[in-house]
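Survey of secondary and tertiary structure
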Amino acid sequence: MLSCSQLSVQADRSDFRILDDINAAFPAASLNALVGPSGCGKTTLIKAFLGLVDSTGDITNGERPMDSKHASGNLGFVPQFSVAHPSLTVEESLAYAFDLTVSASAGRREVIDEVLKLIGLQAHSEKRVSSLSGGQMRRLGLGLELVSSPDCLICDEVTSGLDPLSEDQIIELLRSLVESQGKTFICTIHNLGKL
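Throughout what follows, the structure given in this document is the object of discussion. Values in this document were obtained by computation on a predicted structure and should not be read as measured data.

Conventions used here
The numbering scheme is per chain: residues are counted from 1 as the chain's sequence reads. In view of the model being predicted, local features appear only for residues whose pLDDT reaches at least 70, and side-chain atom pairs are presented and counted only at 80 or more, with totals across whole chains, interfaces and linings using the full set of residues. Hydrogens are left out, water is left out, and the side-chain values use all remaining heavy atoms of the structure. Pairs of strands are assigned from DSSP output, requiring at least two bridges between the strands. The helix and strand labels rest on DSSP assignments: H or I over at least four residues marks a helix, E over at least two residues marks a strand, and numbering proceeds from the N terminus. Comment: axis = line fitted to C-alpha atoms, over the contacting stretch for helices; angle = value between 0 and 180 degrees taken between N-to-C directions. Residues are treated as being in contact if the distance between any of their heavy atoms lies within 4.5 Å. By salt bridge we mean one thing: a side-chain nitrogen of Lys or Arg within 4 Å of a carboxyl oxygen of Asp or Glu.

**What about the sheet that holds strand β5 (residues 64-66)?**
Spatial strand order, β2-β1-β4-β5: four strands in an open sheet with antiparallel pairing. Two strands bound the open sheet, and with one partner strand each, they are β2 (17-26) and β5. For this sheet, the mean angle separating the axes of adjacent strands, direction not counted, is 20°. As paired elements, strand β4 (residues 56-61) and β5 share three bridges and run antiparallel to each other. Bridge pairing links N61 to R64 in β5. Of the strands in this sheet, β1 (2-10), β2, β4 and β5 touch helix α1 (residues 42-50), which is tilted by about 110° from β1.

Structure, rendered in structure tokens:
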């Protein structure tokens, strides 16, 4: 379970607190939503969990305490927009993500094949990233994190800008990963009806 207690984040060179004494708990093996209007602090909370901003208070991942300087634990981050290089193929993107995040090279081929299957891009493995649709890009974004098999994935606007069918497919993919692998997802989302 990823949780925080009395978490605060202060704006640079100001006494203003972007987050003020936030308490939250996200159960393991579940699909969770962070909902709120633009500017309410959803992304700042994500950044605090990932150790990308200085914060005060307590953050824990399971039994392991974390802090903003040394984010630890098995967390993955799926940004709103893809970080995959447009001239690489889907398979090359996953292979580079594996090489960057997994210390042992044993099982590389099997992991990439399994992730391609999980995200439903087996038939598109040789396509260039630049030719993917919006929904396929979101699937690839998930795949880039899944190669390192994190227990918990934080997804920023994972369905934003997608057509209704693609939104449903992405949410169904997240649900299937919760059920089949016990993954935990924390998603910033605007349409709570999709969860």
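Here the narrative resumes, following the displayed structure.
**Some words on the pairing of β1**
Pairing analysis gives six bridges linking β1 to β2, with the strands arranged antiparallel. For C4, the partnering residue across the bridge sits in β2 and is A24. Where β1 hands over to β2, the hairpin turn is made up of six residues, of which R13 adopts a positive phi near 50°. Alignment of β1 against β4, held across five bridges, turns out to be antiparallel. By the bridge assignment, C4 is partnered in β4 with I59.

**Notes on the pattern of salt bridges**
On inspection of all chains with the given rule, the structure shows five salt bridges. The shortest N-O distance in the salt bridge between D20 and R17 comes to 2.7 Å. The partner of D99 in a salt bridge is R108, and the shortest N-O contact between them spans 2.9 Å. Several salt bridges converge on common partners, so that one network encompasses E91, R109 and D113.

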